[in-house]
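Chains, contacts and geometry: an overview
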Amino acid sequence: MKIILMRHGQAEDYPHPDGNRSDSARQLTEYGRQQAAQTAAYIIEHYRPDHFVVSPYDRAQQTLAELQARAPDVPVSVQDNITPSDDAHAALIALGHIEANCLVVVCHMSIIANIASLLTGASPEAFSLAEARVFEMEFVMSGMAKESDRFVPMQL
């Protein structure tokens, strides 16, 4: 089994200049869309995702849209417990209940670094914007995965 963890692309500043937008409503910048497109193209070219999981936050949804444009038939689940301040252990348990051979999870710092840390048993390491890391394991359990690939979009 593979789990591909992908961080969203560059988003608008927070707090938003108009003061009316919450963190969950932050949008990708044009640059963030380009980052997401690069990473999505890499993932679809090198892997065969069979399930997408995404945070409910707008910037993660917009990042996922780049994957969906290239793999429109892959089912999607919105998982409410993979937002920036959620508990990585609870998120990993929920991910373990999804039946997939190649699961792509689109979410945020710092939860993404903490999920990766739980998978491998290594210390958390920050993800770049729109970075994807591939973890291989027999089954989802803490300390059972090995990182096999990593993609960071080129700066444009």
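Presented here is a report on the structure given in the accompanying data block. (Residues numbered from 1 in each chain as written. Predicted model: local features only at pLDDT ≥ 70, side-chain atom pairs only at ≥ 80, totals over all residues. Heavy atoms only, no water.)

1. Considerations on the overall build of the chain
Broken down by element type, the chain carries four helices and six strands. Mapped from its N terminus to its C terminus, the chain presents α and β elements in the order β-α-β-α-β-α-β-α-β-β. Compactness check: the chain gives a C-alpha radius of gyration of 14 Å against a globular reference of 15 Å for 156 residues, within 12% of the reference. Considered along the principal axes of its C-alpha atoms, the chain spans approximately 45 × 30 × 25 Å. Within the chain, the proportion of its 156 residues that are buried is 48%. (Helix = DSSP H or I, 4+ residues; strand = E, 2+ residues; numbered from the N terminus. Rg over C-alpha atoms; globule rule 2.2 N^0.38 Å. Buried < 20%, exposed > 50% of the residue type's maximum accessible area, 1.4 Å probe, protein only.)

2. Thoughts on the sheet that holds strand β4 (residues 102–107)
With mixed pairing, the six strands of this open sheet are ordered in space as β3-β2-β4-β1-β5-β6. Sheet topology places β3 (76–78) and β6 (146–151) at the edges, where each strand pairs with a single neighbour. For this sheet the average axis-to-axis angle between neighbouring strands, irrespective of direction, equals 20°. Sheet topology note: the strand β1 (residues 2–7)/β4 ladder contains six bridges and is parallel. (Pairing = 2+ DSSP bridges. Axes fitted to C-alpha atoms, helices over the stretch in contact; angles between N-to-C directions.)

3. Remarks on the environment of Val104
By secondary structure assignment, the location of Val104 is in strand β4. A relative accessible area of 0% places Val104 in the buried class. C-alpha separation for the pair Val104 and Lys2, spaced 102 residues apart in sequence, amounts to 8.4 Å. Not counting chain neighbours up to four residues away, the residues in contact with Val104 comprise Ile4, Ile43, Pro49, His51, Phe52, Val53 and Leu67. (Contact = heavy atoms within 4.5 Å.)

4. Focus on the nonpolar core
The biggest cluster of nonpolar side chains holds 23 residues, and the ones touching the most others in it are Leu5, Ile82, Leu103, Val105, Ile115 and Leu119. Of all elements in the fold, only β1, α3 (88–96), β4 and α4 (111–120) reach the threshold of two or more residues within this core. Examining the composition of this core, we find that six residues originate from one element, α4, more than from any other. Leave out the neighbours within four places in its chain, and Ile82 touches Val53, Val54, Ser55, Ala91, Val105, Val106, Cys107, His108, Ile111 and Ile115. Formed by 19 residues, the second largest nonpolar core is a distinct cluster that contains Ala60, Leu64, Ala71 and Val74. (Core = buried A, V, L, I, M, F, W, Y, C linked by side-chain atoms within 4.5 Å.)

5. Quick notes on helix α2 (residues 58–70)
Look at α2: 19 Å from first C-alpha to last across 13 residues, which is about the 18 Å you get at 1.5 Å a residue. Those residues of α2 lying buried are Arg59, Ala60, Gln62, Thr63, Leu64, Glu66 and Leu67. On its buried side, α2 packs onto β1, α1 (30–46), β2 (51–54), β3 and β4. (Expected span 1.5 Å × (residues − 1).)

6. Side note on a nonpolar patch on the surface
There is a patch of nonpolar side chains on the surface, built from Phe139, Met141 and Met144 and spanning about 290 Å² of accessible area. Within the fold, Phe139 resides in the loop between β5 (132–136) and β6. Residue classification places Phe139 among the partly exposed residues on the basis of a relative accessible area of 43%. (Patch = residues over 30% accessible without salt bridge, like charges linked within 9 Å, V, L, I, M, F, W, Y side chains within 5 Å. Areas by Shrake-Rupley, 256 points an atom, 1.4 Å probe, with all protein chains shown as cover. Salt bridge = Lys/Arg side-chain N within 4 Å of Asp/Glu carboxyl O.)

7. Section: the pattern of salt bridges
Opposite charge on two side chains lets them pair, provided their charged atoms get close. Going through the model one piece at a time under the given rule, you end up with eight salt bridges. Here Arg70 makes a salt bridge to Glu66, at a shortest N to O gap of 3.1 Å. Note that Arg70 and Glu66 are positioned in helix α2 at a spacing of four residues, about one turn of the helix. A relative accessible area of 19% means that Glu66 is categorised as buried. Several salt bridges converge on common partners, so that one network encompasses Glu125, Glu131, Arg133, Glu147 and Arg150.

Shape is all these values report; function is a separate question.
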